[in-house]
Structure formats: structure tokens, C-alpha cells
Amino acid sequence: MLRTFSLGLAVLLGCLASAMTVRTSDTKLFLNEVLVAEFRAASEGLRPDQRAQQAAAQLRRVASDAKPSVKARGENRQILMGTRVLWTWTQLDARAAETSLSDLAKQTVDRLERARTLAPVAKTLDTVVLPVGRAVSLGLIGSQVRVAALQAPPDSGIRFSLGEAGPQATASKVGQYPIQIRWGSTELSMTLTVLPYAAQIPATLAVDVAGAPASAQSVRVAVTRAIELGVVREPGAQLSYSLGSLSPVERGQVRTVPVTVRATAPNAFEQSATMSIRVRNLGSLFQPEQELWYCNDPENVTQFQSLFMANLRAERPARILYHHLNAMRQPMTILVGVANRSDKPAQIFQILGDGEPHLNPVLVGYQAADRFWTEYENQSGVVLTIPPQSWVPIVARPLASGATMSGLGYLRLLPGGPEQLDVKAFSAYTLSLSPQIRTASTTGQPWAYVPPLSPESIFRGFQPDPVHIYPNPFRTEEVKFEVGGRFTFIRIGERAIPSQVPDRFLSGNFGVHYTVRVDLKNPLLTPAQVEVVFVASAGYSGGLFLVNGQYIRTKLLQPQGEERICRIRLEPGESRSVTIQTIPLSGSSYPATLAVRPIDTMGGPGR
């Protein structure tokens, strides 16, 4: 059964009394629901809307069989119906319409003739495609369309109304629906095809970051996650947006980032809207790491397998190092997932440095640590919420055969949720992963693009492996150097830290945070120059350093290669201290050496 909806019944008798209907809408003039003229310029003291009203009054006075024509009057053109002048077009009108005066007049006469000879009810389309929730004109024309009865299936959720362009429909449900239009003995049919919008774009979203300050990069990935997971998309929908240049957010500050998002999808209407992303810096969420998780066994991965498992416990932050080479003859993806298998939502504060996979394992380890330390220095990261009974891939890197992936990160489970989370690193057959994970793995930040997933299959049989968990991943060294005495050497990565499993040690101390205090003294009566040099004493290596708070990167050095990381001038009798921080880098060769030595007047090392 069809639901009947009659439009404009209050004016039915008036419409039946005339074979033509005339109306205006602001500056537009309609005859039988056909737009016949739009007045864009003033003329003879009348505004454009007044000209439209005056033309409508003239048009209502003509007989229905009067034919339209144009008549030249000087430089202007008069529009007539029969012998009655309706209005006059001028050169100003033509310029406003961006056409010539003669073309404007001809178009007007053609429209009047078409409108005059229409059936009382006519359609311009057989099918109207419209989005859910938005009123769309049905394209009906004729003198009686405003009083015609429109019928739609009762369960279609379709509402009819009158708009500027005549009858229009608004739909609440996706589908294809037959529509019938009746007036007197006239009956027409058409189809409404209702499609969804490609996405539902919320007006506002909120994200949390932390740091002193939270870096532009932390803000960028947090805003990205808000958009990617906060916009509800139709299947196959693609989002496009530009974050432009973002700046750091200071501790305790709240900043709103406007982002225009465009969504497209097959069989859906494009949607575009500007969102307001509220970015809040929670201040310092950093606490020193209690553990180092060393995910490097095996380094050369020859099968799809579990690589590392550990529990991230409340108030026991962890530093995670991962470094693996694809030793198979086919591509693989290596992932690190964090699972919340409790009934409470969990929040983690994370700082991640993830290197681009590369055939050079030293380069990718160097790149990962560099990305990590530039954020770690300011304790800058993002707050990631993991709902109950779900997991999130915080790392996912596709690896070609022979390529290496590497990363360094900081993870802290924040209070107020579960007591622990499960963390697992594993290698997987790339094509076995969901399309969402495969797509997100190309970004280096899969957690920003992949919604929470069920942990059932990935974390079944989870069992933490304590062998490669190392408590207290920090080393402090204090050395002295006196000008005129022997050179001083500091071996980085030589004294291995112990595992929590007895008699297991971390050879090379990869990922361990070193703080070296060098006390310098010049007992001479003349000034002296002293340098601290990084020496790749164990093989091909790179080094990253904080020297009295200044960040220093060395080149990648061949075996026994060296590079100065700081130079200090000491006045006669002066003493000074230098604090150097560093981390042995994945892929590089350790132990490596820091040498403290004088610089002679020729610019080279002293003797």
C-alpha cells in the first residue's frame, strides 16, 4: 500500500482557475515551476527582487495561449507574451548573466515557450538519486505539480515537502523506492534511489597527548588517530585531509586544531566537513623505565612465529627494543600488539621510534633510535585508549626478503584501569592480515589507523617470556680526565646488564640508557682544548648523544672510524664537567668507545 501526500491543497481551487502558475523566489521568476528568468541587476530604480515581482504581475495578466516573443527597443530587448510587455533586458542584465543581450533574450523566450506548453504535471527525471537526510528536488514541473498527490511506500521513511524548486523528498533509509505522482486523471511514476553519505564526520573530537612540550609529531599522530577512528565510514570509503603545519602543545595547554575532511566511497555521496580536534596536553606522564624488553631473538626470522611476550604492568613502565631481519624468501609482516583482556578500558602512554625497513640493519636501527630519542628527550608522546577485550597493533612493518625492521619505544600503563596488559611481538604471513592492517602497516603508525581488534586468536596461549626482560635498563659511568695525563676511554656496552632470569646477560647492552659524567681538569698554566670522540671500535656503527642537553648525531662509521661529539676549552686551572647520554643502537656493533683526549695546536689529538 502506498502512502499519499498531497501538496498545497489549500490553493488547489486557485490553481485550477488558471492554466498557468506564476511565482517568484527572491530574484527568480517561475512559470509552471520552470525557472524562466533571474534578475541580477537593478533597473529603473527597482531592485532585482522588485523587478521579479513586477514581471510576475505582468505574466499573470496574459492569456495562456499568448506566445512569447522579443522586441528590440533601442539597445535593450523587451520580453512579450502576446502584445503585453513583461519586462525589459538591458546590457547590465546581460553582463550579470555573463552572456550577450541577444542570447539572453532568446533563452528567455525559449524557456517561456517550454513552460507555457507543458502538461499540468510533468517529470524531468525517471530516477532521482538522493542522500539520506537531505531534501532533494524531484524535478517535477507543470502548472499543477504543487497540488499533485505524491505517494511512497509506507515503510520507506520518505517525506515530501515544497521547496524553492517545487516538490522535494527527504529520505531516512537507504534503498530504492517507487514513487507515484497523481493529479486528476494524470498519473506518473518515478524511482527514488537513496544512498548513504560516504562517512559521518563528527563536528568535534578530543585527544590527549603529554610532554614538556608535546611535540608537533605527537600532536600530528594523535590528531590522525582521532580522525581515522572517529569518522564512521561506509565500506570502501576513503578519507582525504591535510593537517598542514602543526606546532607543539605546551604542558597543561588545550588547543583546537581545525581539519577539513573529505570522504568518498562507491555508491555513496561525497561528504566534506570541517572538524574541530581538541588536543589536550596532560603534562608529564613519564616515569623512568623499570624494564627493558629485548625483542631480538631470533634476529633473523625464518618462519611465522611468536617473537616476544611480556606483561605491561601498572606503574612499571617498559622500554621495548625490537630488531628483526626477514630471512625467508617471501614477504612477511612483523607486528607488536598490546591487548587489554580485562573488562575495564585501559590507557597507555607511549613514545615510539619506528625505523623504515631497509636492507642496511645499521641504518634502520640508527633511524629508529633517532626518532625515539627526539621525542623521549621531551617525554613527548600520545595517550592510547584500548577498550576492554581488544588489542591494538602499535607496530606493523611489512618486510621484503632480506630487509630489517627496527624500533625503540616507551610504554606506560596508566592508573585507573586494569593491572596489566599483554604485549606480543610476532611475524605473520602478510596476506593473512586484514586489509586494514596491511594498509596501515605502510604508515609506520598502525595504531593511528586500525580500530581495536578482538584478541581471541592473536593472544590465545599467551605466556610471558622472562628471558629477555632486563630490570633497570640504565648505566651510569663517572670518569676523570686531566690535561697532560693519559687519555680516558669509556666503553659503551661492555658491562652487560643482567636479565631477570639468573645467569642471562644482555651482550652489547642494546637499548640501555647510559649517562656518562666526565670531570675535566686543566692543571697547566696555559689554556687547553679537549675533545670527546666516538670510536666505532667493534665495527660498523652510528651514535646518538645528548651532550650537556645538546642532541648530537654522528655519521655511520666504518670499523675504527671516529667522530668528535664535543670540544671543550679549559682555561688554566679550570675544572669542568660534561654529561653525555647515549644508547647502544640496534644493528650497530658494540661495545663502542668514547675517548677523551686533548687537541694539540695543530688541531689533531694530543700525545
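Residues numbered from 1 in each chain as written. Predicted model: local features only at pLDDT ≥ 70, side-chain atom pairs only at ≥ 80, totals over all residues. Heavy atoms only, no water.

Our next topic: the packing of aromatic side chains. Following the criterion strictly, the structure yields 17 aromatic pairs and no others. Seen from their ring centres, F286 and Y410 are 4.8 Å apart, and the 25° between their planes marks the pair as stacked. Here F286, found in the loop between β22 (271-281) and β23 (291-295), pairs with Y410, found in strand β31 (residues 404-413); they are 124 residues apart in sequence, far enough to count as distant. Owing to a relative accessible area of 18%, F286 belongs among the buried residues under this scheme. Here Y410 falls in the buried class, since its relative accessible area comes to 0%. Among the aromatic residues, those joined into a ring-pair cluster are F286, F349, F372, Y376 and Y410. (Phe/Tyr/Trp six-rings, centres within 6.5 Å; stacked < 30°, edge-to-face > 60°. Helix = DSSP H or I, 4+ residues; strand = E, 2+ residues; numbered from the N terminus. Buried < 20%, exposed > 50% of the residue type's maximum accessible area, 1.4 Å probe, protein only.)

Moving on, we get to the sheet that holds strand β10 (residues 136-137). Spatial strand order, β10-β14-β13: three strands in an open sheet with antiparallel pairing. Edge positions in the sheet fall to β10 and β13 (158-163), since each has one partner strand and no second. With six bridges joining them, β13 and strand β14 (residues 166-171) adopt antiparallel strand pairing. Paired with F160 across the strands is A169, a residue of β14. (Pairing = 2+ DSSP bridges.)

Here we take up the sheet that holds strand β4 (residues 34-38). The sheet built from three strands is open, its strands ordered β2-β3-β4 with antiparallel pairing. Pairing within the sheet leaves two strands with one partner each, and these edge strands are β2 (22-25) and β4. Going across the sheet, the axis of each strand differs from the next one's by a mean of 30°, ignoring polarity. Here four bridges tie strand β3 (residues 28-31) to β4, and the two strands are oriented antiparallel to one another. Within the sheet, the bridge partner assigned to L31 lies in β4 and is V34. Sheet strands touched by helix α2 (residues 48-60): β2 and β3. Its angle to β2, the strand with the most contacts, is close to 175°. Seen against the sheet, helix α4 (residues 101-116) touches β3 and β4 and runs at an angle of roughly 155° to β4. (Axes fitted to C-alpha atoms, helices over the stretch in contact; angles between N-to-C directions. Contact = heavy atoms within 4.5 Å.)

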